[in-house]
Amino acid sequence: MTFNVAKMQVFGNSNVGVYIFANDKIALVPPDMEQKDKQLIEDILGVDVYEVTIMGTRLIGVLVAGNNNGLLVPSTITEGELQTLKEALGSSMNIGVVPSSSNAIGNLVAANSHGALVYPGLDNSATKLISDVLGVEVAKRAISGISTVGAVVAVTDIGGLSHPDTGDDELEFLKDLFKVPFKTGTINFGVSFIKTGLVVNNRGAIVGANTSGPEIARIQMVFSGL
């Protein structure tokens, strides 16, 4: 299967992962995104694209996490926004409102169809909800000394990429949890917080416009299973 990678900016910004959430079924994007960019996301990732806001902001990738089974949103989402999501997704995915004082769920959770890694400070009620909504085993721990694991780990059902300082034992842990091979890497010409500039699923990846050729080659290798 061909794994395509496309460069993009959102609102003139290379931090595409801050604004976009995607799994293998859908991509959530902020309103006012250019039509050509929405079409590119649709073509590269093979998903339906929906315009939403979370907490009235454009920062969808920071505020939403999930896998193909479900979406996780912050408790500060408005009733109207939650209703819009439910209407868009129908019965295709669970939606869970995470009981946490932190709104940045996208920075707190990395997940695929086999497991989820979450911020070590989440309490047990939040962890149980995440496990129920996503239908996977959940583990709590920091990676490379960074507790906002959703910002430094990108994972699909084919492969995973982690912060460049991730140790060998941590890579082994990630491989065991997510059941896919893991490597280290960067985005946007050396940025360690890889999820800020990467939106990836099993079919392709959208990367920030500053991403270098070697970084793209590594992303293709990791997420195409080569």
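Residues numbered from 1 in each chain as written. Predicted model: local features only at pLDDT ≥ 70, side-chain atom pairs only at ≥ 80, totals over all residues. Heavy atoms only, no water.

A. Region of interest: the sheet that holds strand β10 (residues 137–140). Reading across the sheet, the 3 strands line up as β8-β9-β10 and stay open at both edges, with mixed pairing between neighbours. The sheet is open, and its two borders are formed by β8 (109–111) and β10, each paired with just one other strand. When strand polarity is set aside, the average angle formed by the axes of neighbouring strands in this sheet is 20°. Pairing of strand β9 (residues 115–118) with β10 involves 4 bridges; the strand directions are parallel. From the neighbouring strand, Gly 115 faces β10, where its bridge partner is Glu 137. Helix α6 (residues 124–134) contacts β8, β9 and β10 of the sheet and is inclined by roughly 145° relative to β10. (Pairing = 2+ DSSP bridges. Helix = DSSP H or I, 4+ residues; strand = E, 2+ residues; numbered from the N terminus. Axes fitted to C-alpha atoms, helices over the stretch in contact; angles between N-to-C directions. Contact = heavy atoms within 4.5 Å.)

B. Examining the pattern of salt bridges more closely. For the coordinates displayed, the defined rule picks out 6 salt bridges. As a salt-bridge pair, Lys 36 and Asp 37 come within 3.3 Å of each other at their nearest N and O atoms. Exposure remark for Lys 36: the relative accessible area of 55% places this residue in the exposed category. Residue class for Asp 37 comes out buried when judged on its relative accessible area of 9%. The closest approach of N and O atoms between Glu 170 and Arg 141, which form a salt bridge, is 4.0 Å. Of this pair, Glu 170 sits in helix α8 (residues 168–178) while Arg 141 is found in the loop between β10 and α7 (149–152), placing the two residues 29 residues apart along the sequence. What makes Arg 141 partly exposed here is its relative accessible area of 27%. (Salt bridge = Lys/Arg side-chain N within 4 Å of Asp/Glu carboxyl O. Buried < 20%, exposed > 50% of the residue type's maximum accessible area, 1.4 Å probe, protein only.)

C. Quick look at the pairing of strand β3 (residues 26–29). Of the two faces of β3, the one holding Ile 26 and Leu 28 and the one holding Ala 27 and Val 29 are both buried throughout. Where strand β2 (residues 21–22) meets β3, 2 bridges bridge the pair, whose relative direction is antiparallel. Following the sheet pairing, Ala 22 is matched in β3 by Ala 27. What sits between the antiparallel neighbours β2 and β3 is a turn of 3 residues. Of the pairings in the sheet, the one linking β3 to strand β4 (residues 48–51) comprises 4 bridges and is parallel in character.

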